[in-house]
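# Geometric and topological summary
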Amino acid sequence: FTFAAGCVGHYALSGTTSGTVCDPSQVTITAHNPLHAGVNPSAGTTLSLNTSTATGVWGATVVAGTGTWTPSGLNNGQATYVFPGTEGSVTLRLNHATATTLSVNVLDGSLKNESPAEDPNFVFNAACVAHYALSGTTAGLTCAPSTVVITAHNPSHAAVNPAAATSLVLTTST
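Quantities reported herein were computed from a predicted structural model and do not represent experimental measurements.

## Points about the sheet that holds strand β1 (residues 10-15)
Taken in spatial order, the four strands of this open sheet run β1-β3-β8-β5, and their pairing is antiparallel. Both edges of this open sheet fall to β1 and β5 (57-58), since each of them pairs with a single strand only. Looking at chain direction, β1 and strand β3 (residues 25-32) are connected through six bridges and run antiparallel. Its bridge partner lying in β3, Leu-13 is registered against Ile-29.

## Thoughts on the sheet that holds strand β4 (residues 46-51)
Strand order across the open sheet formed by six strands is β2-β10-β9-β4-β7-β6, with mixed pairing between neighbours. Of all strands in the sheet, those bounded by a partner on one side alone are β2 (18-20) and β6 (68-71). Each strand of the sheet is rotated relative to its neighbour by a mean of 25 degrees, with strand direction disregarded. Pairing of β2 with strand β10 (residues 121-125) involves three bridges; the strand directions are parallel. Residue pairing across strands places Thr-20 opposite Asn-125, the latter belonging to β10.

## Notes on the pairing of strand β7 (residues 79-82)
Burial of the side chains of β7 is restricted to one face: Ala-79 and Tyr-81 are buried, whereas none of Thr-80 and Val-82 on the reverse face is. Bridging between β4 and β7 involves four bridges; their strand directions are antiparallel. Its bridge partner being in β7, Leu-47 is matched across the sheet by Tyr-81. Taken together, the four bridges between β6 and β7 define a ladder with antiparallel strand orientation. Across the sheet, the residue bridging to Thr-68 is Val-82, located in β7.

## A few points about the confidence of the model for the protein
Across the protein, pLDDT averages 84, with 80% of residues at or above 70. Averaged pLDDT values over the elements of the protein bottom out at 74 in strand β11 (residues 131-137) and peak at 98 in β7.

## Some words on unusual backbone geometry
Despite not being glycine, Ala-54 has its phi angle at roughly 60 degrees, a positive value. You can see Ala-54 is positioned in the loop between β4 and β5. Judged by its relative accessible area of 46%, Ala-54 is partly exposed. One non-glycine residue, Leu-111, lies in positive phi territory at about 65 degrees. Mapped onto the fold, Leu-111 is located in the loop between β9 (100-108) and β10.

## Topic: the side chain of Glu-114
Examined against the element boundaries, Glu-114 turns out to sit in the loop between β9 and β10. Lys-112 is the oppositely charged side chain nearest to the buried, salt-bridge-free Glu-114, at an N-O distance of 13 Å. Polar side-chain contacts of Glu-114 include one of 2.9 Å to the backbone nitrogen of Val-106. Excluding its chain neighbours within four sequence positions, the residues that come into contact with Glu-114 are Tyr-11, Leu-13, Val-104, Asn-105, Val-106 and Asp-119.

Calculation rules
Residues numbered from 1 in each chain as written. Predicted model: local features only at pLDDT ≥ 70, side-chain atom pairs only at ≥ 80, totals over all residues. Heavy atoms only, no water. Pairing = 2+ DSSP bridges. Helix = DSSP H or I, 4+ residues; strand = E, 2+ residues; numbered from the N terminus. Axes fitted to C-alpha atoms, helices over the stretch in contact; angles between N-to-C directions. Buried < 20%, exposed > 50% of the residue type's maximum accessible area, 1.4 Å probe, protein only. pLDDT = per-residue confidence, 0-100. Lys, Arg positive; Asp, Glu negative; His and termini not counted. Salt bridge = Lys/Arg side-chain N within 4 Å of Asp/Glu carboxyl O. Polar contact = N/O pair within 3.5 Å; in protein donor to acceptor, adjacent residues only side chain to side chain. Contact = heavy atoms within 4.5 Å.

In C-alpha cells form, the structure reads like this:
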C-alpha cells in the first residue's frame, strides 16, 4: 500500500513512564500511518493534548521538535502542538505535583488519536526528596551534645523515605 504524504492513521506515545513528582516525565508522540510506519503530518496539523486526569503541567519548552508548542501553563494537562510538516514526532515534558497514574490523550484536526496499543500509562511516584527539614534540641551548654533530626520531604512537604543511595554531608560550626 502507498499512502499519501502526511496520511496519519494514529499516534504512538512513549517516554519516561515511571518517574517521580520531583522530575518531569518525557513524552514522545510519533505519527504513524495506518500500517504503523512513521510519517510526517502535513504542515499545520494541530495536535491537542490532555491528560486522563485533567491535571499536570506541560513544560514550557520542547525537548525535541521544531513545531509550534503552546502549553496552557496551568495544572490542567492541556496543550497544543502544531507540526511543521518536516517531522513526525515531538518530545515534551510533563510535570505532576502529586502521585498519580495518568495517560496522555492526543487528537488532531482529522480526528486521529493515540493507538490504544501504543498509549502507556505515566506513573508519578511521591517517593522523591525535594528538601530536608532539620529539627532537634539544643542543650544550651557548650559541652553537652545537641540532638538533630533530619527528615526528608517531597514537594508537597510530606515526609518520605529517601532512596537507599542517598547520603547527607553535615558540617558544624562553633
